[in-house]
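Structural description and commentary
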Amino acid sequence: MLSMRSAPAGVGLDSNAKRQNSMKVLVTVKRVLDYNVKVRVKADRSDVDLANVKMALNPFCEIAVEEAVRLKEAGVATEVIVVSIGPKAVQEQIRTALALGADRGIHIETENSPESLSVAKLLAKIVADEQPGLVILGKQAIDSDNNQTGPMLAALTGLSQGTFASEVKIEGDEALVTREVDGGLQTLGLKLPAIVTTDLRLNEPRYASLPNIMKAKKKPMEVKTPADLGVELRAHTELLGVEPPAERKGGIKVSSVAELVEKLKNEAKVI
Amino acid sequence: MSEAVNAAERESMEFDVVIVGAGPAGLSAAIRLMQQAQDAERELTVCVVEKGSEVGAHILSGAVIEPRALVELFPDWKERGAPLTTAVTEDQIYLLGDATSARRIPNALVPKTMHNHGNYVASLGNLCRWLAEQAEALGVEVFPGFAASEVLYHADGSVKGIATGDMGIGHDGQPKDSYTPGMELHAKVTLFTEGCRGHLGKQLIEKFALDKDADPQHYGLGIKELWDIDPAKHQPGLVLHGSGWPLTGKGQEGTSGGFFLYHADNHQVVVGLIVDLNYSNPWLSPFDEFQRMKHHPLFAQYLEGGKRVSYGARAITKGGFNSLPKMTMPGALLLGCDAGTLNFSKIKGTHTAMKSGLVAAESVFKALGENDSVGQDISAYTDAFKASWLYDELYRSRNFGPALHKFGTLMGGAFNFIDQNLCGGKLPVTLHDTRADYAQLTPAAQSPKIDYPKPDGKLSFDKLTSVFLSNTNHEEDQPSHLQLKDASIPIGTNLPTWAEPAQRFCPAGVYEVVEEASGPRFQINAQNCVHCKTCDIKDPSQNITWVVPEGGGGPTYPNM
Amino acid sequence: MATLIIAEHDNSILKPATLNTVAAAVAIGGDVALLVVGEGCQAVADQAAQVAGVSKVLLADNAAYGHQLAENVAPLVAELAKTAGFDYVLAPATTTGKNLLPRVAALLDVGQLSDIVSVESADTFKRPIYAGNAIATVKSLDAIKVITVRGTAFDPVAAEGGSASIEAVTAVHDAALSRFVGEEVAKSDRPELTAARVIISGGRGMGNGENFALLEKVADKLGAAVGASRAAVDAGFVPNDMQVGQTGKIVAPELYIAVGISGAIQHLAGMKDSKVIVAINKDEEAPIFQVADYGLVADLFDAVPELEAKL
């Protein structure tokens, strides 16, 4: 079903086994509305209602954590550092990531959840401090659905990027990232250090075990502020309002298959 | 996976006390245990496991909450920010005659237990979230997303603890990539506080014959919705209760239950119906009774123009004093609604469940201080319970439910008025109700069919639209947690005799009889299950066993 | 005002998603330029010049851009935006656009608006959040507005009728950070559910798993993916990875054909963003008809084979 088209031989890369043996992996996690909870727009339509609803680790971030932990288990990574940005409550998600196998946490405390570019700027400082060999982020958060932070971080750090990853392999000085693109899969070789964002099929995250949840409580967590990192948060957008999606209305009944095909061809123009 | 394989793979952890279920009883017990440990400067390890994905996710209650036990737990509960903020301002009690008429019962004639001055309209889920925070601050390990799936026993038969369920088992019973074996949690004492019809509690009652001196337990099914309403119609603290229509319709004689509508804060009301599960007509559908009830002007006056926010259902244990099993056994206690401490004359179980947890925590702490051995029977609890206001309260209300069952809503109500208001619950008679709820159904052929109106999509809704609002989810690829002892019974016995009532008593559309070319087939949509336990209670063949699904599955109730 | 649009192409064919994006740019107003960046892509530039509403085509044709690696293309786009005075940079919200544009935005030190579904004014747009369960109205505060556009929300402009000039862009950026290794083009006509342009789904009305073969035949003709309702999965007809509405399986194809699906809300939640919904069901009362653009009340075992024959 699939045909493989090979690229010409890659650009010259010297393998650097040393990096591989001392590679830190940085993973980012976001606290979002649990995917099982129905979203409800506030009565005044200012935003969605998040009062007393269940919050959880963004599913794509969970996949990022899993991938990082697997790299560590495979002996490729030496340490997995997890970062989250937001109010104190996000420490719960950092603890979840620690229970899944990350080694230590960094909480950048902000009043709200900052915009993607601000998040990328904060993360860029952490990257500068920690010098990870690989940064793994979720491709998007399921609340804002922006799909921005990974490439923005790559731009700010001047690093390579592999978005929508369904497979990540570290070979020498390079990360081979298979990407889920429209119409198929694409594999890129990324010079390390690299920024990778996860897609759904990258892995199936494990469950945190009870002993690991207890151990996670004792793992180190550093708290920093944007001021500590020398980043000034700036708004690039203003949310004017939120509304529920328009309800679909029923259309017409057709009397025959022939009429259906005719309508789809000539009226809806979808076949 | 055979159990032997599981047992070999499972790791274990040791605690002083393991508590099953983060509801009001379990969390109150956990908090009181730690409070005593701090006061006595004694090391104590307490762990609470909860099958919901977070604390509160599976909690559903009215609720008008009497703060008596909360005050005992935290005298400064207000300063600590407990989410009881809407004081009851007015009680109204109605008897509905039919689809349009309602008679308000003068307050002077209302049984005293139904007066709510000093109580609060609240979300029990939010109260439990708050209690869990308090417990964690005291050092309790709270583990949501972990379902206790089996009781572990010592060789001498005493309770050793529980095992959490395996995670990552496919529907075919084979482990998937994500397979994580369950954990054994061993404890000196295990407290079972699973709520009504806990699936481990049910096993313990049977194994230790805890109910041998009690009447059969009785249950109700409570169905509840949360609504945003027009602010102009909103009266925070107004509390409506009552009974009558729609449960008194033709062919439903003898069906009992009651409704509630509470004005909470934030321009929200909760509305619900409790249908006693001893009803006899197999055509009855509690869900549809509730849906049509909302069209009565008493409810429609508030709900019209509003928007339904959430939906849920949960069985309640309402047998009260006469049905209360023995609550202690070697190595364990059975508390709260898992045992049946709800006071039906007040339609309240929160303060009583909390009190049972408090009393148990005190008895357990004392016993462990004197004798550190595992598997002991905390028999001191029984005396402490008898000396508490909880016992007194349940004793005084012992006739309330049986009177309604025996004499019907009107005459039973009159009995209750005399018993509760004139005699303080001390009439020197005890009424018993000795037939189990599941045994009450009459054959379908002898029962009049009930014609429920179609939902209008404004005040009333269909089942699946409703379940959608309960945020229910189960990992799709896992074995069904609704098990049939004999797969042939639904179609072979229940369908011809009772027209398979599971289709109607389940408020979540889990059970269906699907007509196929080869004949009818019984379909179990386990993904829809809101964990109300009604099927385990009401199946006339007692053929459905509710077991825990993978931890974290089930509803995710917000503000319920 | 001027808008720069990143053309979607494979070095030989201009992809239709570009036309929807041009429509969004036209709604914003001002001059519209298309940037064709690739290798050996003159043919694409020629097609781009024909697109209605486009005044200029910029062609950056270089080996460094052959696989449109974001590391190389983003600096080019950012430079063009700044030096050529573009107020807007738009791209289709495809995997290519989603990969490239945030990198451009960060280089320009501006935010990005993703996946817009309507243009409210020159600086205000609507975009879905929470998987389409809420629509946010967002105002951009940046001087250069970087935006990805959801194709199904804008009717495409005509592919022909324009006569834009073609200008070569000679700047070459080769960051040497990444290299193309290979690609697996999905040759099969059976795409992934979440990526499919057309989906045909079966419900419990299918009766059993074998009958899904009827749907597969239609899917082969339409290049469609085959999905299933939760009820069909629960009944054991098909594996659960076919379930629409399941975790991560929120679909929004251009055409969604629901066969023998009653339309329980769980299913509707998973597919209601589809552009056109067709329902085939013998139960006239089935809730699916309340959301279907075209409903056919018929026995699916007659209608589906007939549909296949007529396609």
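Residues numbered from 1 in each chain as written. Chains lettered and ligands numbered in written order. Predicted model: local features only at pLDDT ≥ 70, side-chain atom pairs only at ≥ 80, totals over all residues. Heavy atoms only, no water.

What about the overall build of chain B?
Helix and strand content of chain B: 16 helices and 24 strands. Here chain B has a C-alpha radius of gyration of 23 Å; the compact-globule value for 560 residues is 24 Å, and the two agree. Counting every position in chain B, which comprises 560 residues, the buried fraction comes to 66%. Within chain B, residue pairs in contact and separated by at least 24 positions form 78% of the contacts whose partners lie at least 6 positions apart. (Helix = DSSP H or I, 4+ residues; strand = E, 2+ residues; numbered from the N terminus. Rg over C-alpha atoms; globule rule 2.2 N^0.38 Å. Buried < 20%, exposed > 50% of the residue type's maximum accessible area, 1.4 Å probe, protein only. Contact = heavy atoms within 4.5 Å.)

Regarding the sheet that holds strand E8 (residues 134-140) of chain C
One open sheet accounts for 4 strands, arranged E13(A)-E8(C)-E7(C)-E6(C); its pairing is antiparallel. Each of the sheet's edge strands pairs with one partner strand only, and the pair in question is strand E13 (237-243) of chain A together with strand E6 (118-119) of chain C. Pairing analysis gives 2 bridges linking E6(C) to strand E7 (residues 124-129) of chain C, with the strands arranged antiparallel. Opposite Ser118(C), over in E7(C), you have Lys126(C) as the bridge partner. (Pairing = 2+ DSSP bridges.)

Re the nonpolar core
Residue and element names in this part refer to chain B. By size, the foremost hydrophobic cluster in this structure holds 83 residues, and its most contacted members are Leu 131, Leu 185 and Phe 192. Examining the composition of this core, we find that 9 residues originate from one element, helix H9 (residues 350-370), more than from any other. The contacts of Phe 192, once residues within four sequence positions are left out, are Val 20, Val 151, Val 159, Ile 162, Leu 200, Leu 204, Ala 332, Leu 333, Leu 334, Leu 335 and Asp 338. Core analysis: the next-biggest nonpolar cluster, separate from the first, contains 77 residues, Ala 300, Tyr 452, Cys 506 and Met 560 among them. (Core = buried A, V, L, I, M, F, W, Y, C linked by side-chain atoms within 4.5 Å.)

A word on the sheet that holds strand E14 (residues 255-259) of chain C
Reading across the sheet, the 6 strands line up as E14(A)-E16(C)-E15(C)-E14(C)-E12(C)-E13(C) and stay open at both edges, with parallel pairing between neighbours. Each edge of the open sheet is held by one strand with a lone partner, namely strand E14 (252-254) of chain A together with strand E13 (225-228) of chain C. Sheet twist, expressed as the average angle between the axes of neighbouring strands with direction ignored, equals 25°. Pairing of strand E12 (residues 198-202) of chain C with E13(C) involves 4 bridges; the strand directions are parallel. (Axes fitted to C-alpha atoms, helices over the stretch in contact; angles between N-to-C directions.)

Remarks on the interface of chain B and chain C
Listed by partner, the interface residues are 15 residues for chain B and 14 residues for chain C. Overall, the association of chain B and chain C removes approximately 1300 Å² of surface from exposure, summing both partners, and the carbon and sulfur fraction of that is 40%. On inspection of chain B and its partner chain C, the count reaches 2 salt bridges. In this structure, the salt-bridge partner of Glu512(B) is Arg204(C), at a minimum N-O distance of 2.6 Å. (Buried area = accessible area lost by both parts, 1.4 Å probe. Salt bridge = Lys/Arg side-chain N within 4 Å of Asp/Glu carboxyl O.)

Topic: the interface of chain A and chain C
Many analyses report the size of an interface as the accessible area lost when the parts associate. Every contact between the two is made by 85 residues of chain A and, on the other side, 81 residues of chain C. When chain A packs against chain C, close to 7000 Å² is buried across both sides, 56% of that on carbon and sulfur atoms. Of all residues in chain A, Arg248(A), Val257(A) and Val270(A) bury the most surface against chain C, accounting for 10% of the area lost on that side. Taken together, the links from chain A to chain C amount to 5 salt bridges. When the shortest N-O distance is used, the salt bridge between Arg248(A) and Asp293(C) registers 2.7 Å. Applying the counting criterion to the chain A and chain C interface returns 43 residue pairs in polar contact (both at pLDDT 80 or more). Split into classes, the residues belonging to the side of chain A that touches chain C amount to 43 nonpolar, 23 polar and 19 charged. Relative to E8(C), E13(A) runs antiparallel, the two sharing 6 bridges. (Polar contact = N/O pair within 3.5 Å; in protein donor to acceptor, adjacent residues only side chain to side chain. Nonpolar A, V, L, I, M, F, W, Y, C, P; charged D, E, K, R; others polar.)

Concerning the pattern of salt bridges
Under the defined criterion, the tally for this structure stands at 49 salt bridges over all chains. Across the pair Arg308(B) and Glu225(B) runs a salt bridge whose closest N-O atoms are separated by 2.8 Å. Here Arg308(B) is found in strand E18 (residues 307-317), whereas its partner Glu225(B) is found in strand E14 (residues 219-228), with 83 residues between them in sequence. Through salt bridges with shared partners, a single network forms among Lys24(A), Glu79(A), Arg104(A) and Glu130(A).

A look at the packing of helix H3 (residues 70-83) of chain C against helix H4 (residues 95-107) of chain C
All names here are of chain C. Running from N to C, H3 and H4 cross one another at 50°; their axes reach a closest spacing of 8 Å. With respect to their mutual orientation, H3 and H4 come out oblique. Pair H3 / H4 crosses with right-handed handedness. Along the contact surface, H3 presents Ala 70, Glu 71, Val 73, Ala 74, Pro 75, Val 77, Ala 78 and Lys 82, while H4 presents Asn 99, Leu 100, Arg 103, Val 104 and Leu 107. Here the residues of the contact of H3 with H4 are counted per class, giving 9 nonpolar, 1 polar and 3 charged. (Parallel < 35°, antiparallel > 145°, perpendicular 65-115°, else oblique. Left-handed = near helix turned anticlockwise from the far one by under 90°.)

Describing the side chain of Asn281(C)
Residue and element names in this part refer to chain C. Within the fold, Asn 281 resides in strand E15 (residues 276-281). Side-chain polar atoms of Asn 281 contact the backbone nitrogen of Asp 283, separated by 2.9 Å. Those residues in contact with Asn 281 that sit more than four places away from it in its chain are Gly 260, Ile 261, Ser 262, Ala 286, Ile 288, Phe 289, Leu 296, Val 297 and Ala 298.

What to know about helix H12 (residues 400-422) of chain B
All names here are of chain B. Helix length check: H12 (23 residues) gives 14 Å between terminal C-alpha atoms against 33 Å at 1.5 Å per residue, more than 12% under. The sharpest bend along H12 comes to roughly 130°, located at Gly 408. By the burial criterion, the buried members of H12 are Phe 400, Gly 401, Pro 402, Ala 403, Leu 404, Gly 412, Phe 415, Asn 416, Phe 417, Asp 419, Gln 420 and Asn 421. Those residues of H12 that are buried are in contact with helix H11 (389-396). After H12 finishes, the residue Gly 424 shows a positive phi value of roughly 60°. (Expected span 1.5 Å × (residues − 1). Bend = angle between axes of the 7 residues up to and from the residue.)

Digging into the environment of Lys38(A)
As for its position among the elements, Lys38(A) is in the loop between strand E3 (31-33) and strand E4 (55-57). Among residues more than four places away in sequence, those in contact with Lys38(A) are Phe468(B) and Asn471(B). A polar side-chain atom of Lys38(A) sits 3.2 Å from the main-chain carbonyl oxygen of Asn36(A). At 3.4 Å, the side chain of Lys38(A) forms a polar contact with the backbone oxygen of Phe468(B).

Here we look at the pairing of strand E23 (residues 519-524) of chain B
Residues and elements named next belong to chain B. One ladder, built from 6 bridges, connects strand E22 (residues 511-516) with E23; its direction is antiparallel. Its bridge partner being in E23, Val 514 is matched across the sheet by Arg 521. Following E22, the chain reverses through 2 residues before pairing antiparallel with E23.

Some remarks on the packing of aromatic side chains
Residues and elements named next belong to chain B. Inspection of every chain in the model, using the stated rule, returns 14 aromatic pairs over all chains. Between Phe 74 and Trp 130 the ring centres are 5.6 Å apart and the planes differ by 75°, which places this aromatic pair in the edge-to-face class. Here Trp 130 lies in helix H4 (residues 124-137) and Phe 74 lies in the loop between helix H3 (68-73) and strand E4 (86-87), a separation of 56 residues in the sequence. Judged by relative accessible area, Trp 130 falls into the buried class, the value being 6%. Between the aromatic rings of Trp 227 and Phe 461, the centroid separation amounts to 6.2 Å while the plane-to-plane angle is 45°, which identifies the pairing as tilted. With a gap of 234 residues between them, Trp 227 in strand E14 and Phe 461 in the loop between H12 and helix H13 (463-468) connect regions that are remote in the sequence. Considered together, Trp 227 and Phe 461 belong to a single accessibility category, that of buried residues. Through a chain of ring-to-ring contacts, the aromatic side chains of Phe 321, Tyr 381, Phe 385, Tyr 391 and Tyr 395 assemble into a single cluster. Taking the ring centre of Phe 208 as reference, the NZ or CZ of Lys 207 above it sits at 6.0 Å. (Phe/Tyr/Trp six-rings, centres within 6.5 Å; stacked < 30°, edge-to-face > 60°. Lys NZ or Arg CZ within 6 Å of the ring centre and 35° of its normal.)

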